[in-house]
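# Per-entry structural report
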Amino acid sequence: MKISLIYGGKSAEHDVSILSAFSILQSIYYNYYEVQLVYVTKDGSWFKGKTYKEAPLVKEELHLSLNNAQPILPSDLKEKNTVIFPVLHGPNGEDGTVQGLFEVLNMPYVGCGVLASACAMDKIIAKQLFQQAGIPQLPYVAVTKNDYVDAREEVIAECVGTLIFPMFVKPANMGSSVGVSRATNEEELISAIEEALLYDQRVVVEQGIEARELEVAILGNSEVRTTLAGEIVKDVDFYDYESKYIDNQVTLQIPASILDEMQERMQEYAKKAYQTIDGSGLSRCDFFLTANNEIFLNEVNSMPGFTPFSMYPLLWKEMGLNYSDLLEELIQLALLRFEKRQQIQV
Ligand SMILES: Nc1ncnc2c1ncn2[C@@H]1O[C@H](COP(=O)(O)OP(=O)(O)O)[C@@H](O)[C@H]1O
Ligand SMILES: [Mg+2]
């Protein structure tokens, strides 16, 4: 069987995606699979590279261009006996768009489907769904570009009337902390909203809190398994793009040292959140935990970072599932989901 490993992509997490893809290439079980590289450049061009029967030596082999690879259209992905492994993050990667392509091509693929990917990506829709499911979240105000342009004063009055400073302002659809800022007064709130509106027509203004950040890994289709939570221990104000990918100002504590009861509650909420959006394959659920043991769901990431140093695979390692076996499970889950959907269509 062949694995089409798609990586790179148009998002800010392009380089992380290459790291994840390289780790996957190093660890996949080559006695079962050969791996076809499919690289998406930062400007959205697609290239088909080599097919590997064993692990490549250096990461540089993954940088494909006209010199060493064949330009393709996304629809050229279609191949028999092939499972797609999209290790793409952010918009166009984990927001349901490429998943829609895989559905149209009628091919099995690793991870969440169109609905779960789109719901997890959109911070406003996700909040509305999780609210209905009774999962605790921070209070927020949703702002659209039209509202803001037509009635700025009212939008600001609503934020200030509903929330207290500091507030966190985020584009509804981004990820990797791009366009996210913390506002401590009205002036900063205005510039934070304007900044976030550069990235999306819809923005979330959210209650800011002092809290620890914990993450739970989820694996499965209809039967869902969760890990103990791990903690992002940071000595920065917030987990912004710099601290995530440039300065590495964070360490991971796995498992987090918190009360068993908090672990259990987080696992329960993670599972509920995943089932609410119809998750399949995998996701990582991110929480805030306050000093008085209040838990708030922050977000669900349907394609979390997948390098050997990323939280998601490390959480599973702690539970006794190593990186290669994790990849194998994800591929099997992709095939199972595909088979089930085929049966429904007949
Ligand atoms: N309401 C909040 N209170 C405190 N910190 C927050 C809040 N919202 C976000 N943050 C900080 O900003 C980071 C990025 O926000 P997040 O909602 O996770 O967006 P992204 O999808 O870009 O990862 C979080 O990891 C956290 O450090
Ligand atoms: Mg986040």
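Given the structure is predicted, the values throughout are model-derived calculations rather than measurements.

## Digging into the nonpolar core
Soluble, globular proteins show a tendency: their nonpolar side chains are buried together. Counting residues in hydrophobic clusters, the biggest one holds 44 residues, and the most contacted among them are L5, Y7, I24, I28, F85, F306 and I331. Residue assignment for this core shows that the elements contributing at least two residues are β1 (2-8), α1 (14-27), β2 (34-40), β3 (46-52), β5 (82-86), β10 (212-220), α10 (311-318) and α11 (323-345). Of all the elements, α11 adds the most residues to this core, at eight residues. The residue makeup of this core includes at least three contributed by each of domain 1 (2-109) and domain 2 (120-135 + 210-343). Setting aside residues up to four positions removed in sequence, I28 forms contacts with I3, Y33, V35, L327 and I331. Core analysis: the next-biggest nonpolar cluster, separate from the first, contains 28 residues, A116, A120, A256 and M266 among them.

## Some details on the site of ligand 1
Contacts to ligand 1 come from 18 residues, most closely from K123, K170, S177, E206 and E213. E213 is positioned with one of its side-chain polar atoms (N or O) 2.5 Å from an oxygen atom of ligand 1. In this structure, an oxygen atom belonging to ligand 1 sits 2.8 Å away from a side-chain N or O atom of E299. Coverage of ligand 1 by the protein amounts to 96% of the 540 Å² it exposes when considered alone. Elements with a contribution of two residues or more to the shell around ligand 1: β7 (167-171), β9 (202-207) and β15 (295-301). Residue classes in the shell around ligand 1 are distributed as six nonpolar, six polar and six charged.

## What about the environment of I218?
The topology assignment puts I218 in strand β10. Spatially, the C-alpha atoms of I218 and Y274 are 7.9 Å apart, while their sequence positions differ by 56 residues. Apart from the residues within four sequence positions on either side, I218 is in contact with V224, R225, T226, A270, Y274, G281, L282, S283, C285, Y312 and W316.

## Some words on the packing of aromatic side chains
Under the definition given, this model contains seven aromatic pairs. Seen in terms of ring centroids, F102 and Y109 are 5.2 Å apart; in terms of plane orientation they differ by 50°. Their pairing is tilted. Take Y109: its relative accessible area is 2%, and that puts it in the buried class. Here F306 and Y323 contribute two aromatic rings whose centre-to-centre distance is 5.5 Å and whose plane-to-plane angle is 65°, an arrangement assigned as edge-to-face. Here the residue F306 occupies a position in the loop between β15 and α10, and Y323 occupies one in helix α11, the gap between them amounting to 17 residues. Note on accessibility: F306 and Y323 belong to one class, buried.

Here is what the cut-offs are and how they apply
- Residues numbered from 1 in each chain as written.
- Chains lettered and ligands numbered in written order.
- Predicted model: local features only at pLDDT ≥ 70, side-chain atom pairs only at ≥ 80, totals over all residues.
- Heavy atoms only, no water.
- Core = buried A, V, L, I, M, F, W, Y, C linked by side-chain atoms within 4.5 Å.
- Buried < 20%, exposed > 50% of the residue type's maximum accessible area, 1.4 Å probe, protein only.
- Helix = DSSP H or I, 4+ residues; strand = E, 2+ residues; numbered from the N terminus.
- Domains from an automatic or database assignment.
- Contact = heavy atoms within 4.5 Å.
- Near = heavy atom within 4 Å.
- Polar contact = N/O pair within 3.5 Å; in protein donor to acceptor, adjacent residues only side chain to side chain.
- Areas by Shrake-Rupley, 256 points an atom, 1.4 Å probe, with all protein chains shown as cover.
- Nonpolar A, V, L, I, M, F, W, Y, C, P; charged D, E, K, R; others polar.
- Phe/Tyr/Trp six-rings, centres within 6.5 Å; stacked < 30°, edge-to-face > 60°.

As far as function goes, none of this settles anything; it's purely spatial.
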